[in-house]
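Examination of the molecular architecture
One-letter residues, chain by chain:
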Amino acid sequence: MYLNCHTYYSLRYGTMSVEQLVQKALAAGTDTIVLTDINNSTGIPEFAGECSKKSIRPVAGIEFRNENELQYIGIARNNNGLRELNGFLSDLNFNNHHIPFPAPRFGEAYIIYSLKKIPARKLFENERIGIKPGELNRLITMNSSISRNSMVILQPVTFADNDDIFIHRNLRAVDNNILLSHLQPWQCAGDDEFFRAASVNGSIFGEFPWLVANTRNLLDDCNLKFDLEGLKNKKIFSASRYDDKLLLEKLAWDGMIYRYGKKNPQAKKRISHELEIIDKLGFSSYFLITWDIVRYSMARGFYHVGRGSGANSVVAYCLKITNVDPIDLNLYFERFINPKRSSPPDFDIDYSWKERDDVIDYIFKRYGYSHTALLGTMSTFRGKSIVRELGKVHGLPKEEIDALIENPSAESNRNEITGTIFSTGLKIADFPNMRSIHAGGILISEEPITCYTALDMPPKGFPTTQWDMYTAEEIGFEKLDILSQRGIGHIKESAEIISETGVLMWMYMPCRSSKMMKRLRSISGSARQKDASMLKVRPCAASLKSSDATLTQFSWLPVRS
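Residues numbered from 1 in each chain as written. Predicted model: local features only at pLDDT ≥ 70, side-chain atom pairs only at ≥ 80, totals over all residues. Heavy atoms only, no water.

A closer look at the sheet that holds strand 7 (residues 151-153)
With mixed pairing, the eight strands of this open sheet are ordered in space as 7-6-5-4-3-2-1-8. Among the strands making up the open sheet, the edge pair consists of strand 7 and strand 8 (156-157). Relative to strand 8, strand 1 (residues 2-5) runs parallel, the two sharing two bridges. Along strand 8, the bridge assignment pairs C5 with V157. Of the strands in this sheet, strand 2 (32-38) and strand 3 (57-66) touch helix 2 (residues 44-54), which is tilted by about 150 degrees from strand 3. (Pairing = 2+ DSSP bridges. Helix = DSSP H or I, 4+ residues; strand = E, 2+ residues; numbered from the N terminus. Contact = heavy atoms within 4.5 Å. Axes fitted to C-alpha atoms, helices over the stretch in contact; angles between N-to-C directions.)

Quick look at the layout of surface pockets
Volume-wise, the second largest pocket comes out at about 940 Å³. What lines the second largest pocket is a set of 33 residues, among which N39, R65, E67, N93 and R435 lie closest to the centre. Examining the composition of the lining of the second largest pocket, we find that four residues originate from one element, strand 12 (residues 432-444), more than from any other. Among the residues making up the lining of the second largest pocket, the classes are represented as twelve nonpolar, 14 polar and seven charged. (1 Å grid on protein atoms, 1.4 Å probe; cavity = no way out; pocket = protein on both sides within 12 Å on 5 of 7 lines; lining within 4 Å. Points joined across faces, edges and corners; volume = space filled by probe spheres on them. Nonpolar A, V, L, I, M, F, W, Y, C, P; charged D, E, K, R; others polar.)

Remarks on unusual backbone geometry
Following F101, the chain continues into P102 via a peptide bond in cis, with omega recorded as -5 degrees. Note on placement: P102 falls in the loop between helix 3 (79-95) and strand 5 (109-114). With a phi close to 60 degrees, S55 is a non-glycine residue in the positive phi region. Turning to its location among the elements, S55 is positioned in the loop between helix 2 and strand 3. Looking at S55, the relative accessible area reads 68%, which means it is exposed. (Buried < 20%, exposed > 50% of the residue type's maximum accessible area, 1.4 Å probe, protein only.)

In structure tokens:
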């Protein structure tokens, strides 16, 4: 009966991976465990999957702390309860508020308080007092105003074995930015936070059967059904899936005329094939959302480059999502979308760094902040950063840390302390260290994002998931990558400078049409007033052949009259 389990997603606190936690629970003969990582729900999708493999019933929750101080533990009764907890934590993160005490009233979640910190008010019907094994003797002298029915067993789990205690202490010293020798007991987990064999728990709580019964009743009332199969993206762009199908067909066939003309049998065959697969796999909305974003950016005059596997799609080319002709370059659509592809498709769209945030702002306002989020990512303990962090908590001066990083194998760097640093460093390598933001991934969800994760609010100013792109893929999200390409901004700046100064400008554009070539060559020179003199513009065009496509080199040659 474990209502308070931590993984290493309790950053700089937990010592076990999700997989290791579930394995330890199985070895202890436990049939139900509650994952309650500190101030996050990052590991819950992975936890649900691992429990399913091991036939353990998963229950989800969040442990709420203000720095080192435990406030309470939230346990979701069901998926709505998980959404409540995620939403509560997200609101606090958005507003940069501390965890309030006592907890607000939740409709579908239990709240467990520590015996050391009980609300002064009367407990709500969903609130309980957690009793740790070392606190059982206090039940004898406890205030009779606290009902037995409100008490449950609170046995936290943080360690896999005794070796983890030292690792945990190092992580806590790193988190508090203090020397290991200055670490206080209240800043760390208790030394007894392990899974215990059922027989041991029986002997500990044998005299308190009502406490065991209360805990079992709470667990029996909780259930988590985490769908790891179905698509999670926004499913309908217009009025219905069928309307999306019709709209995408309309846009694709109109775009074919623009890209290929009315009579191109190869393009017709390819578009029909792609539209059939897109509809069959339920990606019409995904294409339409991407088209909508590109349409907005083009209306604003923002130049974009669509690339990645999405450039294999003729439909994307006809929708102007990309400017790469898959037919001319013999690109296969199945590389982008096919029923057997293990990873979901995604569009990569580059913008200038000056315009990218405007596009992202449009996406959030168009599809709603509750259904849209930037993708998070996880920074881990790696390489030199491990040595630097552990060096500080073990009291090494900066000069010695630098020397240790520069030449770790030097004889002068071999001693008991450095040996401890390296051995501990190997154990925490690849542990999550801090949450950050993916370079450009955006999710647009059918359900509110808080159904799946709590959200952070980094300085970027947009809600961000607490798990990364790999988890998003595993649970059925297809991301959009709205990326910043510095070169696009420089090109635009150059064009603006040229426009002002009359300096020679070169432009390359796809041109395979003889009519277009004639049109370019027939453009007459124009004149515009600049300062006190007239500036004539003379166009010229020449055909070039590159490995990617036939391009037209089109230049304006300014000539003073």
